[in-house]
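# Remarks on the overall topology
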Amino acid sequence: MKLALPDLVSNSYFPAIAAIELGFFRDEGLTVSHELIFPVPETYAALRDGRTDFVAGSAHAALAAFPRFEGARLLCSLSQGMYWFLVVRADLAVEKGDMAGLKGLRIGAAPGVDIGLRRLFAAANIDTDADGITIGVLPGGVPEGASFGVAAAAALAAGEIDAFWANGMGAEVAVESGIAKIVIDVRRGDGPEAGFGFTQPTLQTTEKLYREQPDAAAAAVRAIVKTLAAMRDDPGLATKVGEKLFPEKEAALIRRLIERDLPYYDATISEDFFASMTEFSIGAGLLDAPVPYDQVVATDLAPLWRG
């Protein structure tokens, strides 16, 4: 079986690739490989078209290929809360949490991922057009096989953008190098409180696989839950996985990022979260009306979320 994800060199979907590399999928009877498919809409097109069996990605992002989530299923979460960071050039006079101080900036954000930032500005009652804030793809795009966040850090260093909205690894690389500082970290209280529930990283599959191969769907959830528990018990496992898959610099950073994420390692997809994500998706124009929780989320697998 195949698992696709839109960002590999990252902590965002790390539990999914760790489940492969640490053998938890194998222990559950599944032979799974991973593939980086970028950008986000293409990741979900691959799921829709049968080119992959699972996706590790944002809960709301299935709407890019599955209108009203029809044909898609959310199996479990990889962690809780909207997980991207906004970093800006270190020399800019913008204080942490100050979204109003971002006037006139050029912000890099991946297609699909940018929606979270746009809705965060809306929740803060900031008109990006009036404030001259541009949000878009990186000049020159992202090199094939590269992580968006790491590419964004390079673009920031080159002066091609003033800020970027991306995963924790991209943020950490930029901050470590001294070129940037974190302004918005929604999980830890920056920006509008509602932003936490906009989305979260999840494991997803098709309705077809969920119905026709229920044992495989359940096995995948058990593998993720065991991975989250293993990471909580021994964060050093992150380095073991990173050294196999990441460049040297990023491999050295991944344990630190995973340790920060451990408080959010919970496989639950709650009804409260689903309601918040639905409101976010409607506001973003991705969804025209609410859809039933139990038609999108694999609620019969809920007992497995708790391990």
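Scroll up for the structure.
Reference entry: report on the structure contained in this document. (Residues numbered from 1 in each chain as written. Predicted model: local features only at pLDDT ≥ 70, side-chain atom pairs only at ≥ 80, totals over all residues. Heavy atoms only, no water.)

Attention now goes to the overall build of the protein. Scanning the protein from N- to C-terminus turns up 13 helices and 10 strands. Against the globule reference of 19 Å for 307 residues, the protein gives a C-alpha radius of gyration of 18 Å, in line with a compact fold. Taken over the C-alpha atoms alone, the protein extends approximately 55 × 45 × 30 Å along its principal axes. A burial count over the protein gives 57% of its 307 residues as buried. At a minimum sequence separation of 6, the contacts of the protein that also span at least 24 residues come to 76%. Element-wise, carbon and sulfur atoms account for 49% of the exposed surface of the protein, whose accessible area totals about 12,000 Å². Considering the protein, the positive charge centre built from 27 side chains and the negative charge centre built from 41 side chains are found 2 Å apart. (Helix = DSSP H or I, 4+ residues; strand = E, 2+ residues; numbered from the N terminus. Rg over C-alpha atoms; globule rule 2.2 N^0.38 Å. Buried < 20%, exposed > 50% of the residue type's maximum accessible area, 1.4 Å probe, protein only. Contact = heavy atoms within 4.5 Å. Areas by Shrake-Rupley, 256 points an atom, 1.4 Å probe, with all protein chains shown as cover. Lys, Arg positive; Asp, Glu negative; His and termini not counted. Charge placed at Lys NZ, Arg CZ, Asp CG, Glu CD.)

Pairing is mixed across the open sheet formed by 5 strands, whose spatial order is β7-β6-β8-β5-β9. Whereas interior strands pair on both sides, the edge strands pair on one side only; in this sheet they are β7 (134-136) and β9 (180-185). Taken pair by pair, the neighbouring strands of this sheet meet at an average axis angle of 25°, ignoring direction. In this sheet, strand β8 (residues 163-166) lies alongside strand β5 (residues 85-89) in antiparallel orientation, the contact comprising 4 bridges. (Pairing = 2+ DSSP bridges. Axes fitted to C-alpha atoms, helices over the stretch in contact; angles between N-to-C directions.)

With that settled, consider empty space enclosed by the protein. Summed over all chains, the structure comprises 2 cavities of 30 Å³ or more. Size it by volume and the largest cavity reaches roughly 90 Å³. The wall of the largest cavity is formed by P6, D7, S12, Y13, F38, V40, W84, A110, V113, F148, A166 and N167. Tallied by class, the residues present in the lining of the largest cavity amount to 9 nonpolar, 2 polar and 1 charged. The space that makes up the second largest cavity amounts to roughly 40 Å³. N11, F85, R188, L257, R260 and D261 together form the lining of the second largest cavity. With 3 residues, helix α10 (residues 248-261) is the single largest residue contributor to the lining of the second largest cavity. (1 Å grid on protein atoms, 1.4 Å probe; cavity = no way out; pocket = protein on both sides within 12 Å on 5 of 7 lines; lining within 4 Å. Points joined across faces, edges and corners; volume = space filled by probe spheres on them. Nonpolar A, V, L, I, M, F, W, Y, C, P; charged D, E, K, R; others polar.)

On inspection of all chains with the given rule, the structure shows 23 salt bridges. Across the pair D49 and R51 runs a salt bridge whose closest N-O atoms are separated by 3.7 Å. R51 sits in the partly exposed class, given a relative accessible area of 38%. A single salt-bridge network, built from bridges that share partners, covers E42, R48, D49 and R51. (Salt bridge = Lys/Arg side-chain N within 4 Å of Asp/Glu carboxyl O.)

An order of β2-β1-β3-β10-β4 is seen for the 5 strands of this open sheet, with the pairing classed as mixed. Each having just a single partner strand, β2 (33-36) and β4 (72-77) make up the two edges of the open sheet. Each neighbouring strand pair of the sheet contributes to a mean axis angle of 30°, computed without reference to strand direction. Across 4 bridges, the pairing between strand β1 (residues 2-5) and β2 is parallel. Within the sheet, the bridge partner assigned to L3 lies in β2 and is H34.

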